[in-house]
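Geometric and topological summary
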Amino acid sequence: MKRFFTKLSVLTFLCFLLINPAVAQDITLSGTVTDAADKSPLPGVGVQIKGTQTGTTTDASGKFALSAPANSTLIFTYIGYTTREVTVSNQTTINIELSESTQDLEAVVVVGYGTQRKRDVTGSISQVNGEEIARMPNTNPLSPLQGKVAGLTVVNSGSPGAAPTVRIRGIGTVSSSASPLYVVDGVHQSNIDYVNPADIESIEVLKDASSLAIFGLQAANGVIVVTTKRAKTGQTTVNFSSSAGFQKVNNTIDVLNAAEFRSVYDKLRANANSVPFDYTNYTADTDWQNEILRTAFQNNNSLTISNSGEKSTTLFTLGYNTQEGVLKYGQYDRYTARLNEEINITKNIRIGGDVTGSHWSLNGSSASLNNALWAAPIVGIRESETAYYNMPSFQRAQVGNPVAAIDQNDRNSINKGYRFVGSLFGEVKFLEKFTWRSQVYADLGFNNTRGYTPIPFTQVNLGENGNATEYFNNPNARTSVRQSAEEFRRFQQDHTLTYTTDLGDHSITGLAGFTTIYTSSTSLSGNRTDNRLTVPDAPEFWYVGIIDADNPTTLGGGGNEGASMGFFGRANYSFKDRYLVNASIRRDGLTNL
């Protein structure tokens with residue numbers, strides 16, 4: 001189902017900016033992007049409709065094509081070149097030239113275990129500035145990347161707090177996961193749900209073998225490197241930012257209304273030589289999609305306090321993010337706190353640390369979208385707060401009442417989690433050209449769930465063909481409670497030695513290092529059904545121990561451990577900042593228990 005989102009942004013303390021979706025008619029645009037100096041085509045140029053997440057990239061011949069409103073503005077971006085904005089003004093063909101940006105080439109991008117000037121990068125790396133991410137009202141920092149990076153696919157599910165599906169240049173491995181590796185300030189992660197979008201300085205997307213080789217096999221699906229903010233030198237600042245937005249399913253699937261359904265179904269029965277259906281009790285006209293979907297609100301808030309002295313810098317942030325789901329009743333809330341400290345002991349010795357803590361809670365929602373498409377529109381929703389209508393006899397066995405399902409599961413579970421990520425580093429420069437850096441990391445996660453299964457609603461079968469309306473309650477239904485607890489642990493250490501020298505027109509950088517990662521997880525779960533009593537619908541009773549142990553019980557548990565150690569190296573050579581050579585090597589050993 002294709003979904004479009006209408007955004008509302010709040011970028012100052014009590015100042016709201018409403019961005020309305022364009023209503024101009026879309027036209028098909030095409031064109032070519034070339035280098036202003038030698039007129040050669042530029043492949044991979046990002047072409048985006050300003051103010052939206054819709055865009056494309058140029059092909060190997062520098063050509064592009066997309067649909068855009070006639071009064072829109074296109075933004076053309078390419079690493080090493082000056083960004084240009086072009087107003088469409090009803091044009092159908094737009095050919096432009098991009099000029100090299102010397103300032104942009106001197107900018108620094110983050111690569112594996114270090115940084116490089118953009119002009120020295122030989123691999124395919126795209127950078128997104130943190131300001132672009134912070135101003136988009138999303139709880140997950142990956143969601144704003146949609147349409148901003150060539151070769152990066154980001155698919156948001158609409159579920160509150162859910163991480164989007166991310167693919168870099170398709171699927172690069174046949175393993176169980178096709179997701180990229182995430183590296184947050186050096187920590188290797190499988191997700192970055194704990195990161196406050198307002199804390200991000202930049203995101204680099206590494207896409208090809210040259211940039212990925214230093215990470216080894218774990219980078220088979222690409223790497224997304226996240227760098228968080230540090231205090232600016234010589235500044236003391238206090239900053240509060242807030243953004244808000246709405247998301248909705250604009251293009252729901254067209255289905256028949258009640259009158260159209262009756263007409264089509266009557267013809268179907270006539271063609272099958274069946275008697276006409278009795279619609280006496282089926283007088284409703286229900287749009288089931290509209291009944292389970294909604295316009296969802298989301299809001300991000302962040303307070304940042306930073307201070308920089310002569311020898312130390314400190315940054316502290318607090319964040320609160322909330323998101324509703326487009327499926328009714330879904331609600332996700334997250335609180336984050338982060339402290340970063342760096343100290344220059346001497347001109348050549350630097351130490352520092354960073355710790356982030358987050359707490360999240362989720363009220364999930366559950367309903368079948370297929371049922372919402374299949375359910376007959378002639379059926380009403382409910383007779384009372386505890387009695388819901390079933391579908392007509394011709395589809396009762398296959399299709400349930402979508403609203404009954406979503407109401408039955410509302411606020412019947414408590415889902416909470418805590419996560420703590422911290423790091424310490426020390427860096428020593430010696431003999432002018434050498435830098436030794438050691439860093440240790442820890443990542444701890446704790447998730448807990450308590451849930452409750454109530455007695456189902458009363459089901460109402462409306463009378464057909466002279467039969468009376470029936471009310472049905474499942475005599476075998478029983479209340480049950482469930483609990484689960486999960487723990488995740490990751491410990492990592494990196495040690496690198498860097499050598500840098502400039503010899504006239506020649507520039508050489510060498511890197512050597514080793515890393516170890518240890519991961520483990522444990523999980524416990526239990527479910528118990530009370531065959532004699534009804535457990536109250538109140539959270540203080542949602543514990544497995546509230547029900548006598550001689551009732552039906554299901555228990556589960558699991559865990560795993562894994563460790564890896566790797567040695568790596570990289571050499572970069574540049575001649576007159578024009579001819580570049582990059583060579584990387586890595587050797588890993590892994591074990592899983």
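Residues numbered from 1 in each chain as written. Predicted model: local features only at pLDDT ≥ 70, side-chain atom pairs only at ≥ 80, totals over all residues. Heavy atoms only, no water.

1. Side note on the packing of aromatic side chains
For any two aromatic rings, the description comes down to two numbers: the centre-to-centre distance and the angle of the planes. Just so we agree on the cut-off: The criterion for an aromatic pair is that two Phe, Tyr or Trp rings (for Trp, the six-membered ring) have centres within 6.5 Å, with stacked assigned to planes under 30 degrees apart, edge-to-face to planes over 60 apart and tilted to the rest. Secondary structure is summarised from DSSP: a helix means a run of H or I of at least four residues, a strand means a run of E of at least two, and numbering begins at the N terminus for each. Throughout this description, buried means an accessible area under 20% of the type-specific maximum (1.4 Å probe, protein chains only), exposed means over 50%, and partly exposed covers the range between.
Inspection of every chain in the model, using the stated rule, returns 20 aromatic pairs. Taking 4.1 Å as the distance between ring centres and 20° as the angle between the ring planes, the aromatic pair formed by Y113 and F568 counts as stacked. Taken together, the residues span a long stretch of sequence, with Y113 in the loop between β10 (108-111) and β11 (114-117) and F568 in strand β32 (residues 553-575) at a distance of 455 residues. As far as burial versus exposure is concerned, Y113 and F568 are alike and both buried.

2. A closer look at the pattern of salt bridges
Here is the rule: Just to be clear on terms, a salt bridge is a Lys or Arg side-chain nitrogen sitting within 4 Å of an Asp or Glu carboxyl oxygen.
If you walk through the whole model with that rule in mind, you get 18 salt bridges. D354 is the salt-bridge partner of R338, the closest N and O atoms lying 2.9 Å from each other. On the criterion of sequence distance, the pair formed by R338 in strand β22 (residues 331-344) and D354 in strand β23 (residues 349-363) is long-range, its members being 16 residues apart. Classification of R338 as buried rests on a relative accessible area of 2%. Between R396 and E464 there is a salt bridge whose closest N-O contact spans 3.6 Å. Residue R396 is located in the loop between β25 (387-389) and α7 (402-408), and its partner E464 is located in the loop between β28 (458-461) and β29 (470-472); the two are separated by 68 residues in the primary sequence. When its relative accessible area of 27% is taken as the criterion, R396 is described as partly exposed. Taking relative accessible area as the criterion, E464 reaches 8% and is therefore assigned buried. The network of salt bridges with common partners includes D185, R230, E342, R350, E427 and R437.

3. Some thoughts on the nonpolar core
Put simply, the test is: Residue types Ala, Val, Leu, Ile, Met, Phe, Trp, Tyr and Cys, when buried and joined through side-chain atoms within 4.5 Å, form a set referred to as a nonpolar core. A contact between two residues is defined here by any heavy atoms of the two lying within 4.5 Å.
In this structure, W288, I292, I378 and V379 are the most contacted members of the largest nonpolar core, which totals 29 residues. Listed by contribution, the elements that provide at least two residues to this core are α4 (258-271), α5 (288-292), β25 and α7. Setting aside chain neighbours within four positions, we find V379 in contact with Y282, A284, T286, W288, Y389, N390, M391 and P392. Counting 20 residues, the second largest nonpolar core, distinct from the first, contains I133, Y194, I203 and V205.

4. Here we look at the sheet that holds strand β12 (residues 125-129)
Using the following cut-off: In this scheme, strands are said to pair when DSSP sees at least two bridges between them. The axes used here are C-alpha line fits, helices contributing only the stretch in contact, and every angle between their N-to-C directions lies in the interval 0 to 180 degrees.
Read from one edge of the open sheet, five strands run β12-β17-β18-β15-β16, paired in mixed fashion. With one partner strand each, in any of the chains shown, β12 and β16 (187-189) form the two edges of the open sheet. Averaged over all adjacent pairs, the angle separating strand axes in this sheet is 20°, with direction ignored. Bridge analysis of β12 against strand β17 (residues 200-206) gives five bridges, and the strand direction is antiparallel. The residue of β17 that forms the bridge with Q127 is E204.

5. Notes on unusual backbone geometry
One non-glycine residue, K39, lies in the positive phi region at around 65°. Within the secondary structure layout, K39 lies in the loop between β3 (26-35) and β4 (46-49). On the basis of relative accessible area, K39 is assigned to the partly exposed category, the value being 48%. The phi torsion at D185 lies on the positive side, around 50°, for a residue other than glycine. Mapped onto the fold, D185 is located in the loop between β15 (181-184) and β16.

6. A look at the sheet that holds strand β27 (residues 434-453)
Strand order in this open sheet of eleven strands is β19-β20-β21-β22-β23-β26-β27-β30-β31-β32-β33, and the pairing throughout is antiparallel. Looking at which strands have only one partner, the edges of the open sheet turn out to be β19 (236-247) and β33 (579-592). Direction aside, neighbouring strands of the sheet carry axes that sit 10° apart on average. Across 13 bridges, the pairing between strand β21 (residues 312-324) and β22 is antiparallel. Pairing of S312 across the sheet is with I343, part of β22.

7. Section: the environment of L431
Within the secondary structure, L431 is located in the loop between β26 (413-430) and β27. Considered as a pair, L431 and A270 are 161 residues apart in the sequence and their alpha carbons are 93 Å apart.

8. So, the pairing of β23
As judged from the 14 bridges shared by β22 and β23, these two strands associate in the antiparallel manner. Counterpart to L339 in the pairing with β23 is V355. Remark: four residues form the turn of the hairpin made by β22 and β23, two consecutive strands paired antiparallel. Here β23 runs beside β26; their pairing, made up of 14 bridges, is antiparallel. Across the sheet, the residue bridging to G357 is F420, located in β26.

9. Some words on the confidence of the model for the protein chain
Spelled out, the test is: A residue's pLDDT is the confidence the predictor assigns to it, expressed on a 0 to 100 scale.
Averaged over the protein chain, the pLDDT score is 88; the fraction of residues at 70 or greater is 93%. In the model of the protein chain, strand β2 (residues 15-18) stands out as the element of lowest mean pLDDT, 32, in contrast to β25, which has the highest, 97.

10. Remarks on α4
As a reminder, the rule being used: Multiplying 1.5 Å by the helix residue count minus one yields the expected span of that helix. This arc corresponds to the set of directions leading from the helix axis out to the C-beta atoms. Whenever two N or O atoms come within 3.5 Å, that pair is a polar contact, provided that in protein one can donate a hydrogen and the other can accept it, and provided that, for residues adjacent in sequence, both atoms are side-chain atoms.
If you check α4, its first and last C-alpha atoms are 20 Å apart, about what 14 residues at 1.5 Å a residue would give, namely 20 Å. For α4, the set of buried residues is A258, F261, Y265 and R269. Down the axis, α4 shows its buried residues gathered within 60° of arc, on one side only. α4 presents A259, K267 and N271 as exposed residues on the side facing more than 90 degrees away from its buried surface. In this structure N257 caps α4, since a side-chain oxygen of it lies 3.2 Å from the backbone nitrogen of A259. Among the residues trailing α4, N273 stands out with phi positive, at a value near 60°.

11. Details of the environment of N531
Tracing the backbone shows N531 in the loop between β31 (506-529) and β32. Overall, N531 belongs to the partly exposed group, its relative accessible area being 40%. Once the C-alpha coordinates of N531 and T479 are considered, the two residues, 52 residues apart in sequence, prove to be 8.0 Å apart. Those residues in contact with N531 that sit more than four places away from it in its chain are R478, N551 and P552.

12. Things to note about the side chain of R334
The test is simple: A positive count includes Lys and Arg, and a negative count includes Asp and Glu. His and the chain ends are not counted in either.
Counting through the fold element by element, R334 comes out in strand β22. Of the side chains with opposite charge, D193 lies nearest to the buried R334, which makes no salt bridge, at 6.1 Å. Beyond its immediate sequence surroundings of up to four residues, R334 is in contact with T139, D193, V195, N196, P197, G319, Y320, N321, H359 and W360.

13. Observations regarding the side chain of S242
For S242, the location among the structural elements is in strand β19. A polar contact is formed between the side chain of S242 and the backbone oxygen of N300, at a distance of 3.5 Å. At a separation of 2.7 Å, a polar atom in the side chain of S242 contacts the side chain of N301.

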